[in-house]
Every structure is written in C-alpha cells, then in structure tokens.
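What follows is each chain in one-letter form.
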Amino acid sequence: MENIAAKVVIITGASSGIGEATAKLLAANGAKVVLAARREERLQQIVDEIREAGGEAVSFQADVVSAEAMRKLAQFAMDRYGRVDVLVNNAGIMPVSQLSELRVEEWDRMIDVNVKGVLYGIAAVLPTMREQKSGHIINVSSVAGHVVSPTSSVYSATKFAVRAIAEGLRQEESPESGIRSTIIAPGIVDTELVNSVTSPGVKQLGEMMRGMSISPDRIAKAIIYAIDQPADTSVNEIVIRPTVQP
Ligand code: NDP
C-alpha cells in the first residue's frame, strides 16, 4: 500500500461501522487519520486503539450538518498535519419508512446529513486540495443509490444525490486540478445504521437484513483500494454487496 503511507485522511462518521473500520485500516497502513463524528468518547476510544497499535490518529467532534463545523474540521487537519490528501464523506443515517407515514422530520434529517453533509465536506476541503493540486474525495453512497424499493424513497434519493454530486465533482476537477472523486456503493453491511430506523414495520425488516450482511471491513478494503491507486488512476465507483443480496 505504498500510496497510503503518510497520507492525511479525514473521515466523517468515524465513530462506528464503515468509518471506524476505514480509519483503523488506513492507520494500519501508515495514513494519518482525522476521525470526525458527534460522539466524542467513541472517537477517543478508537483513536486510543489506533495509537496503541502504533498508528497516527486524532479526533475532532463535528456535526456534518454544519458547514462551519466542517470548515473547522478541515482547518484542524491543516493545523495538525499541514495538508489534506483525502476526505472520506461517510457520515450517514437511514431512518427509512413509507412516504405515507409522513415522517417529515426524518426526511429533513436524512437530506441534511446525507446530502448537505457531503456537500459541506466538499466545500471544506476543495480550496485546499485545489491549492495542493491534488486530493481525493471518497463519497459513500449505497446500492440504494442505484435502485429504489418501498420505504427507501427518501434514503435512496439522498444516495442517488451523493452519486450525482460525486460524479459531477469528478468531471469538473479532473484532469486540471488533479482531484479525484470516488463513489463507494455498499449493499447490506453489519453496522449500527439500522438503529436510526424508528418505523416499527421497517425495524423488523432491518433486523432481518442484518442476517445477510457483510462486515464493514470489506467496505474499508474497497475504500483503501481506491485511495491506493497512483495519481494517474481514478476509481470512479465500487459497488460491493453480500453475495446473497439480490
Ligand atoms: P453507522 O451508523 O455505524 O455509522 C454512521 C456514522 O455516521 C457514525 O459514525 C455517526 O456518528 C455518523 N453520523 C451520523 N450523523 C452524523 C452527523 N450529523 N454528523 C456527523 N456524523 C454523523 O452506519 P454505517 O457505518 O453503516 O454508515 C456509514 C455510511 O455507509 C452511511 O453513509 C450509510 O448510509 C452508508 N451505507 C451503509 C450501509 C449499511 O448497510 N450499513 C449500506 C450502504 C451504505 P455519530 O453518531 O457519533 O455522529
């Protein structure tokens, strides 16, 4: 993993699941990782584990729905390490439900975290990456960013949006600025994501889905594959799902 070592990588949603697994795998391969999320204690615990294993990591409490907090996160990484090589736009929530349930607050929240959070992440690092003439933004979408199913309308809409934003970024930034954009589209992964479901019928489905899930490590490996490519190679999208998932 020669292209991972010493890279400065910011990861949002690093306090659990895919973000945590990615932070640990990156640090084990020599990257300097900046872990961000809202739960400070969880972040600190993961940072301690990474350091005990000989890796380099710091944490920063940030809510991705705040553009200001995202700017501060990028500034924190700059102050600490002097550059930002990669942003993993990973934070997300999935309170899925039927549209007829009119869970309007959950729709708003999903759009804020999953879409605006990704945009604010891009806004926070793009000027620095343009100045550096290099950078890589990994955007975590979903298989639900390719297909819609009952109860997933709004979640899918946010994940379709992530793919649109990431692909637009790729087209605008390469080749001139040397900035790469990658979409990661996981299927069902065993994480805390289903905990954000409040609709009773869907909660049951969520538990059932957990039975066919794969480990977050598999997604971390896909993310690392994209980051490890030399500067002349751009991984546009990786779709990765459990073999048993239709
Ligand atoms: P987890 O629930 O384990 O992780 C979600 C992470 O996002 C947590 O670290 C959480 O931290 C963070 N987060 C949530 N809201 C905010 C916020 N407002 N500001 C900052 N951080 C926030 O789930 P996953 O690891 O599964 O999810 C990671 C990404 O993967 C999401 O974008 C999800 O949509 C996507 N994905 C997941 C799939 C799956 O089956 N698990 C399938 C396809 C895509 P905290 O609460 O501390 O802020």
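For the structure, see preceding data.
This report concerns the structure included in the present document. Please read all numbers here as calculations on a predicted model, not as lab measurements.

Turning our eyes to something else, we now look at unusual backbone geometry. The backbone of Leu-102 shows a phi angle near 50 degrees, a positive value even though the residue is not glycine. By the element assignment, Leu-102 lies in the loop between β4 (86-89) and α4 (104-132). The exposure class assigned to Leu-102 is exposed, which follows from the 10 C-beta atoms found within 10 Å. The residue Lys-133 is not glycine, and still its phi comes out positive at about 60 degrees. Inspection of the secondary structure puts Lys-133 in the loop between α4 and β5 (135-140).

Attention now moves to the site of the ligand. Taken together, 30 residues sit near the ligand, with Gly-13, Gly-17, Arg-38, Arg-39 and Gly-92 positioned nearest. Looking at the shell around the ligand, the element that brings in the most residues is helix α1 (residues 17-28), giving 3 residues.

All right, on to the pairing of strand β6 (residues 179-186) then. For β6, the tally of buried residues reaches 8 of 8 residues, placing the bulk of the element in the interior. By the alternation rule, side chains of β6 split into Ile-179, Ser-181, Ile-183 and Ala-185 and Arg-180, Thr-182, Ile-184 and Pro-186, which are all buried. Taken together, the 6 bridges between β5 and β6 define a ladder with parallel strand orientation. The residue of β6 that forms the bridge with Asn-139 is Ile-183.

Before going further, it helps to examine the packing of α1 against helix α7 (residues 216-228). The geometry of α1 relative to α7 is characterised by a closest axis approach of 8 Å and an angle of 55 degrees between their N-to-C directions. In terms of orientation, α1 and α7 fall into the oblique class. Note on packing geometry: the crossing formed by α1 with α7 is right-handed. Contact residues: α1 offers Gly-17, Ile-18, Ala-21, Thr-22, Leu-25 and Leu-26, while α7 offers Pro-216, Asp-217, Ile-219, Ala-220, Lys-221, Ile-223 and Ile-224. Taken together, the residues of the contact of α1 with α7 sort by class into 9 nonpolar, 2 polar and 2 charged.

In this fold, Glu-237 is placed in strand β7 (residues 237-240). Once residues within four sequence positions are removed from consideration, Glu-237 is found in contact with Thr-182, Ile-183 and Ala-185.

Time to look at the environment of Glu-40. Mapped onto the fold, Glu-40 is located in helix α2 (residues 40-52). According to the C-beta neighbour criterion, Glu-40 is exposed, with 12 such atoms within 10 Å. Distance from Glu-40 to Ser-15, taken between C-alpha atoms, is 8.1 Å for residues 25 residues apart in sequence.

Conventions we followed
- Every chain's residues receive numbers from 1 upward, in the order its sequence appears when written.
- pLDDT decides what is reported in this predicted model: residues at 70 or higher carry local features, side-chain atom pairs at 80 or more are listed and counted, and totals for whole chains, interfaces and linings draw on all residues regardless.
- Secondary structure elements are defined from DSSP: runs of H or I of at least 4 residues count as helices, runs of E of at least 2 residues count as strands, and each element is numbered from the N terminus.
- With C-beta atoms placed from the backbone, the exposure class of a residue follows from how many other C-beta atoms lie within 10 Å of its own: 20 or more, buried; 12 or fewer, exposed; in between, partly exposed.
- We call a residue near a molecule or strand if the C-beta atom, set from the backbone, is within 6 Å of it.
- When DSSP finds two or more bridges between a pair of strands, those strands are recorded as paired.
- Inter-axis angles, ranging from 0 to 180 degrees, are taken between N-to-C directions of lines fitted to C-alpha atoms, where helices are fitted over the stretch in contact.
- Any angle between 65 and 115 degrees counts as roughly perpendicular, while under 35 counts as roughly parallel, over 145 as roughly antiparallel, and the rest as oblique.
- With the far helix as reference, a near helix turned anticlockwise by less than a right angle produces a left-handed crossing, and one turned clockwise produces a right-handed crossing.
- Any two residues are considered in contact once their C-beta atoms, placed from the backbone, lie within 7 Å.
- Any residue that is not Ala, Val, Leu, Ile, Met, Phe, Trp, Tyr, Cys, Pro, Asp, Glu, Lys or Arg is counted as polar, Gly included; the first ten are nonpolar and the last four charged.

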